[in-house]
Amino acid sequence: MEYLQTFDLGAAASLITSGFQLISLDKANPRKVQFNFLREAGIEAVLDDYWSNNLEVRARTFFDNMKMLKNRIYSE
């Protein structure tokens, strides 16, 4: 299996909102978290749309996914 990694919270929430599977969070670095996604068809295109400000997602779902990721980051 191949993975796509990002340190950007907004990008991670966008990928989840777009239906991609978050595999794990790597908290080895105390200053930032790495989000690991299963590399699937179309994931790079969604990430490119996010970075170019062309990605459209459901706002409330995006917000809920941001909260879920923050909860996972700060738990434990």
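See the structure above.
Residues numbered from 1 in each chain as written. Predicted model: local features only at pLDDT ≥ 70, side-chain atom pairs only at ≥ 80, totals over all residues. Heavy atoms only, no water.

Draft legend 1. Quick peek at the sheet that holds strand β1 (residues 3-6). Within the open sheet, the three strands sit side by side as β1-β3-β2. Their pairing is antiparallel. The outermost strands of the open sheet, each flanked by one partner alone, are β1 and β2 (22-26). Geometrically, the sheet is characterised by an average inter-axis angle of 25° between neighbouring strands, direction not taken into account. Sheet topology places β2 next to strand β3 (residues 34-38); four bridges connect them, and they run antiparallel. By the bridge assignment, Leu 22 is partnered in β3 with Phe 37. On the sheet, helix α3 (residues 59-74) packs against β2 and β3 and is oriented at approximately 40° with respect to β2. (Pairing = 2+ DSSP bridges. Helix = DSSP H or I, 4+ residues; strand = E, 2+ residues; numbered from the N terminus. Axes fitted to C-alpha atoms, helices over the stretch in contact; angles between N-to-C directions. Contact = heavy atoms within 4.5 Å.)

Draft legend 2. Local environment of the packing of aromatic side chains. Counting across every chain of the model gives one aromatic pair. The lysine or arginine in question, Lys 32, covers the ring of Phe 7, its NZ or CZ lying 4.4 Å from the ring centre. (Phe/Tyr/Trp six-rings, centres within 6.5 Å; stacked < 30°, edge-to-face > 60°. Lys NZ or Arg CZ within 6 Å of the ring centre and 35° of its normal.)

Draft legend 3. Structural view of unusual backbone geometry. Phi angles above zero are rare outside glycine, and Asn 53 is one such case at about 65°. By the secondary structure assignment, Asn 53 is in the loop between α2 (43-51) and α3. Classification of Asn 53 by relative accessible area gives exposed; the value is 69%. (Buried < 20%, exposed > 50% of the residue type's maximum accessible area, 1.4 Å probe, protein only.)

Draft legend 4. Fine view of the packing of helix α1 (residues 9-17) against α2. Direction vectors running N to C along α1 and α2 enclose 130°, while the axes themselves pass 10 Å from each other. Judged by the inter-axis angle, α1 sits oblique to α2. In the packing of α1 onto α2, the handedness of the crossing is right-handed. Taking contact as the criterion, the partners of Gly 10, Ala 11, Ser 14 and Leu 15 in α1 are, on α2, Ile 43, Val 46, Leu 47, Tyr 50 and Trp 51. Split into classes, the residues belonging to the contact of α1 with α2 amount to seven nonpolar, two polar and no charged. (Parallel < 35°, antiparallel > 145°, perpendicular 65-115°, else oblique. Left-handed = near helix turned anticlockwise from the far one by under 90°. Nonpolar A, V, L, I, M, F, W, Y, C, P; charged D, E, K, R; others polar.)

Draft legend 5. Layout of the pairing of β1. Residues Leu 4 and Thr 6 of β1 are buried on one face, while the alternating residues Tyr 3 and Gln 5, pointing to the opposite face, are not. Here four bridges tie β1 to β3, and the two strands are oriented antiparallel to one another. Along β3, the bridge assignment pairs Gln 5 with Asn 36.

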